Amino acid sequence: MTAIKHALQRDIFTPNDERLLSIVNVCKAGKKKRNCFLCATVTTERPVQVNVVKVKKSDKGDFYKRQTAWGLRDLAVVDAKDAVKENPEFDLHFDKVYKWVASSTVEKNTFISCIWKLNQRYLRKKIDFINVSSQLLEELPKVAEESVPSGENQSVTGGDEESVDEYQELNAREEQDIEIMMEGCEYAISNAEAFAEKLSRELQVLDGANIQSIMASEKQVNILMKLLDEALKEVDQIELKLSSYEEMLQSVKEQMDQISESNHLIHLSNTNNVKLLSEIEFLVNHMDLAKGHIKALQEGDLTSSRGIEACTNAADALLQCMNVALRPGHDMLQAVKQQQQRFGDLREQFARRLASHLNSVFVHQGHDQSSTLAQHSAELTLPNHHPFHRDLLRYAKLMEWLKNTDYGKYEGLTKNYMDYLSRLYEREIKDFFEVAKIKMTGTTREGKKFGLHGSSGKLTGSTSSLNKLSVQSSGSRRSQSSSLLDMGNMSASDLDVADRTKFDKIFEQVLSELEPLCLAEQDFISKFFKLQQHQSISGTTTNEAEEMDGGTLSRSYTSGVPQTISSEKDMIRQMMTKIFRCIEPELNNLIALGDKIDSFNSLYMLVKMSHHVWTAQNVDPASFLSTTLGNVLVTVKRNFDKCISNQMKQMDEVKISKKSKVGILPFVAEFEEFAALAESIFKNAERRGDLDKAYTKLIRAVFVSVEKVANESQKTPRDVVMMENFHHIFATLSRLKISCLEAEKKEAKQKYTDHLQSYVIYSLGQPLEKLNHFFEGVEARVAQGIREEEVSYQLAFNKQELRKVIKEYPGKEVKKGLDNLYKKVDKHLCEEENLLQVVWHSMQDEFIRQYKHFEGLIARCYPGSGITMEFTIQDILDYCSSIAQSH
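In this convention, every chain numbers its residues from 1, walking through the sequence in written order. pLDDT decides what is reported in this predicted model: residues at 70 or higher carry local features, side-chain atom pairs at 80 or more are listed and counted, and totals for whole chains, interfaces and linings draw on all residues regardless. Neither water nor hydrogens contribute to the side-chain values; these are computed over all heavy atoms in the structure.

Our working rule: UniProt positions are given in the numbering used here, feature names are shortened, and annotations may be inferred rather than shown by experiment.
If you look the chain up in an unreviewed UniProt entry, it shows as Exocyst complex component 1 from Columba livia. Taken directly from UniProt, the Subunit (unreviewed entry) text for the chain runs: "The exocyst complex is composed of EXOC1, EXOC2, EXOC3, EXOC4, EXOC5, EXOC6, EXOC7 and EXOC8. Interacts with EEF1A1. Interacts with SLC6A9; interaction increases the transporter capacity of SLC6A9 probably by promoting its insertion into the cell membrane." Its UniProt record, at the heading Sequence similarities (unreviewed entry), says of the chain: "Belongs to the SEC3 family."

1. Examining the confidence of the model for the chain
Rule in force here: pLDDT is defined as a per-residue confidence score from the predictor, taking values between 0 and 100. Should any heavy atoms of two residues lie within 4.5 Å, those residues are considered in contact.
Residues at a pLDDT of 70 or more form 83% of the chain, whose mean pLDDT is 78. Below a pLDDT of 50 lies the segment residues 443-495, which in the model reaches 92 contacts outside its immediate sequence neighbourhood of four places, other chains included. Note on residues 534-565: pLDDT is under 50 here. Beyond four places in sequence and across chains, it has 52 contacts.

2. A few points about the pairing of strand E1 (residues 18-28)
To keep it simple, the criterion reads: Residue exposure (1.4 Å probe, protein chains only): buried if accessible area is under 20% of the type maximum, exposed if over 50%, otherwise partly exposed. In this description a helix means any DSSP run of H or I spanning at least four residues, a strand means any run of E spanning at least two, and both kinds are numbered starting from the N terminus. At least two DSSP bridges between two strands are needed for those strands to be called paired.
Across the 11 residues that make up E1, a large majority, 9, are buried. In the sheet, E1 pairs with strand E2 (residues 36-43) via 8 bridges, with the strands oriented antiparallel. If you follow Arg 19 over to E2, its bridge partner there is Val 42. Note: E1 against strand E7 (residues 97-102), 3 bridges, orientation antiparallel. When the bridges of E7 are listed, Cys 27 appears paired with Val 101.

3. Comments concerning the packing of aromatic side chains
To describe a pair of aromatic rings, you give the distance between the ring centres and the angle between the ring planes. Stated formally: By convention, a stacked pair of Phe, Tyr or Trp rings (six-membered ring in the case of Trp) has centres within 6.5 Å and planes under 30 degrees apart, an edge-to-face pair has planes over 60 apart, and any other such pair is tilted.
One pass over the full model with this rule turns up 30 aromatic pairs. Summarising the aromatic geometry, the rings of Phe 94 and Tyr 98 are spaced 6.2 Å apart at their centres and angled 65° between planes, so their arrangement reads as edge-to-face. Taken as a pair, Phe 94 and Tyr 98 share a single burial class, namely buried. Relative to Tyr 695, the ring of Phe 671 has its centre 6.5 Å away and its plane inclined at 70°; by these criteria the two rings are edge-to-face. Of this pair, Phe 671 sits in helix H22 (residues 666-681) while Tyr 695 sits in helix H23 (residues 688-712), placing them 24 residues apart in sequence. Overall, the relative accessible area of 0% leaves Tyr 695 in the buried class.

4. Regarding the packing of helix H16 (residues 497-528) against helix H18 (residues 568-579)
The condition that has to hold: Every angle, taken between N-to-C directions, lies between 0 and 180 degrees, and every axis is a line fitted to C-alpha atoms, over only the stretch in contact when it is a helix. Each angle gets one of four labels, with under 35 degrees taken as roughly parallel, over 145 as roughly antiparallel, 65 to 115 as roughly perpendicular, and the rest as oblique. In a left-handed crossing the near helix is turned counterclockwise from the far helix by less than a right angle, and in a right-handed crossing that turn is clockwise. Under the scheme applied, nonpolar residues are Ala, Val, Leu, Ile, Met, Phe, Trp, Tyr, Cys and Pro; charged residues are Asp, Glu, Lys and Arg; polar residues are all the others, including Gly.
Relative to each other, H16 and H18 sit at 130°, their axes nearing to 10 Å. On the basis of their axis angle, the class for H16 and H18 is oblique. The handedness of the crossing between H16 and H18 is right-handed. Where H16 approaches H18, its residues Cys 518, Glu 521, Gln 522, Ile 525 and Ser 526 are matched on the opposing element by Ile 572, Met 575, Met 576 and Ile 579. Residue composition of the contact of H16 with H18, by class: 6 nonpolar, 2 polar and 1 charged.

5. Things to note about the nonpolar core
Using the following cut-off: Buried residues of nine kinds, namely Ala, Val, Leu, Ile, Met, Phe, Trp, Tyr and Cys, make up a nonpolar core once their side-chain atoms join them within 4.5 Å. Annotation comment: domain bounds sourced from an automatic or database domain assignment.
Judged by nonpolar contacts, the single largest core of 175 residues is most densely connected at Leu 392, Tyr 417, Val 510, Phe 580 and Val 839. Top contributing element to this core by residue count: helix H13 (residues 407-441), with 14 residues. Residue contributions to this core reach at least three from each of two domains, namely domain 2 (218-287) and domain 3 (784-886). Setting aside residues up to four positions removed in sequence, Phe 580 forms contacts with Tyr 425, Ile 429, Leu 517, Cys 518, Glu 521 and Phe 624. Val 26, Tyr 98, Trp 116 and Leu 118 belong to the second largest nonpolar core, which has 31 residues in total.

The structure is reproduced here in structure tokens:
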């Protein structure tokens, strides 16, 4: 075991700076006997680490290798299994329980004892030793420990260390000397006692030689001692000199320390002076306002461009001084507090002076602009506010300064601007719309008819009259065509194109004047009041004007800083709504007037208004102009829909005369007028879809009403009414080429063709009535199953009866009958549609077809009889031609 212990120390632990103190040969309990060694080791370096190492023999060679190591501090329990009987088994409780079986009980006990000693010496940790004999645990009596002094206690501890360190490894020199000694004595191995005795004798000889050598060198020792005494004296002298030198150096050191401390204080003072100068320069540079700026803020001229520029620069400088980021502690300085108070007073004084000046500018603008209204009273133009905007924009930077420094005064200026300008714009816009109304209706009877008059050069409009007009019965489609369909003797429109073109130009001029006015004012508000126009917002309605009537823009304050509830773009729209609050009602009144003058004006207004809304939305879909025009467009669209509904209602309520022929129905001609007008107005318009929907509704209503009137007609045959009116509709649709009505155009053509054929067939049954009845009887017999060549044997249809009927219709009688038929057709048809020749030609063709049919029946049913008609096809052509020429 000693050899193994030596080998393990050399190969495994020495390279790791460890000493092996105890070893036990073990194997795991309950498994195959694979032996290994548990070693108790300590490190040679401090602090000492105590480990339990598992070492096993390598499978590939005859050497040992380190497998696992546990720190002794991690050991919780040592279980020896049995304290009385000898039992090689024991357990070590680390992170888990390891069960071992030692090769012998002695090795187990030695190992456990070593563990206990290492725990007592290095760890002083309570490791539980279970089932361990008390003899193994060498505990010192507590009384002895208390009676032993500290030094003796340490010696005991040292003795324990010596007992623990009982094994000392030999170095190479010692191993070589031992080998030489053992080679000189052959029996050193076989007789250890003889070898030990020999070594003892040799040691005694060496000790004697050493004593003799010492005694022989006594003289030299005395000489050496004398030299040592002299050396000591020299040393004492040197120490005295060194002491004096040290005192001198101590004095120098004290002086140097004083100089160093003085230098440090000087350096500290200089540093503080530099820092103080830096702070003073910072405060002076950032919180000192030039006298020129102070004078500009207190007395600067706010009317001249140079004075405004000086005030702007001074205000910016003041704002920079007030917003300077003070360093910690600056705000506690009395001078800084006084300067800040002075800046606050200057800001308040200048803000009050600026607000007062701008308020006076707003008031003067209202008075000056009012004086120029007279020159625009007779012209359809709005006054130009560009000079006023140009003058005010000089104050834009000052307004931005006021917004950032005193939001209350900024808000007050905003309110005052809206109040003054709203009254000014209201006067201008109302007078402008009065001029437009006068130009639409004139100052004659027509103007008075619609509630407008001129008095003493001032234009006034009767808004109440317009309101009354707007709520009148919608049955009057247009003011000058209310009795359009009465008695069927009036045209579809009493207004010429010039009147409508005039209205269109006036309405376009109104919109063209309002649009740049609103855009210019909105742009000015954005620039002057420093409000952003191009930020993302959610759309709102124009009812926001009601929120503005309270006089304040809605806002809240957090930590003294105003936070707008709505975005700045909403604020622009609110201001525009307050300033131009009269535009929408005035536009609605103008639209109502135009609709009462002529309901077809709604077509012009729909196109113009749609174009302007589309233009405004392309610029800014959420702007005031876009929202207002969009609301007005809804009203125009309602009027357009009402116009269509009124036309359809009048079609449904139409009554025709029972004493005169119908001809082209008034609503058919009116649809032609409407379609022609609409196509000219809606050419390349954005709202073409609305017109197409109106076309579809109107044409279906026209079709239904035409059939209704045809069924109720007593004077004119139903087929004639249907034929003439559907021919007129087909011609209108073909001429206008309305793409959405292609299906209706084909339907109209089909109805015209069908009723033309029906009318021709019905009319031709009268000139040759008996002949028609005879051959209808022949066809009836053939249909009953009688063979055609046997019909002549029927009593009622024999050859004699046929000759009798044919003799009743000689050429002269046929011509007379056709002449009467021509007169009757001419009486049925109206002149404006000019269908007489078309109908007569169709009758000629149908008569010839009937003639050929009769001849065919005669040839089949009366073969070889030689019976023929009294007239030929050429005679028919001559009769028809001569009748047409004679009329």
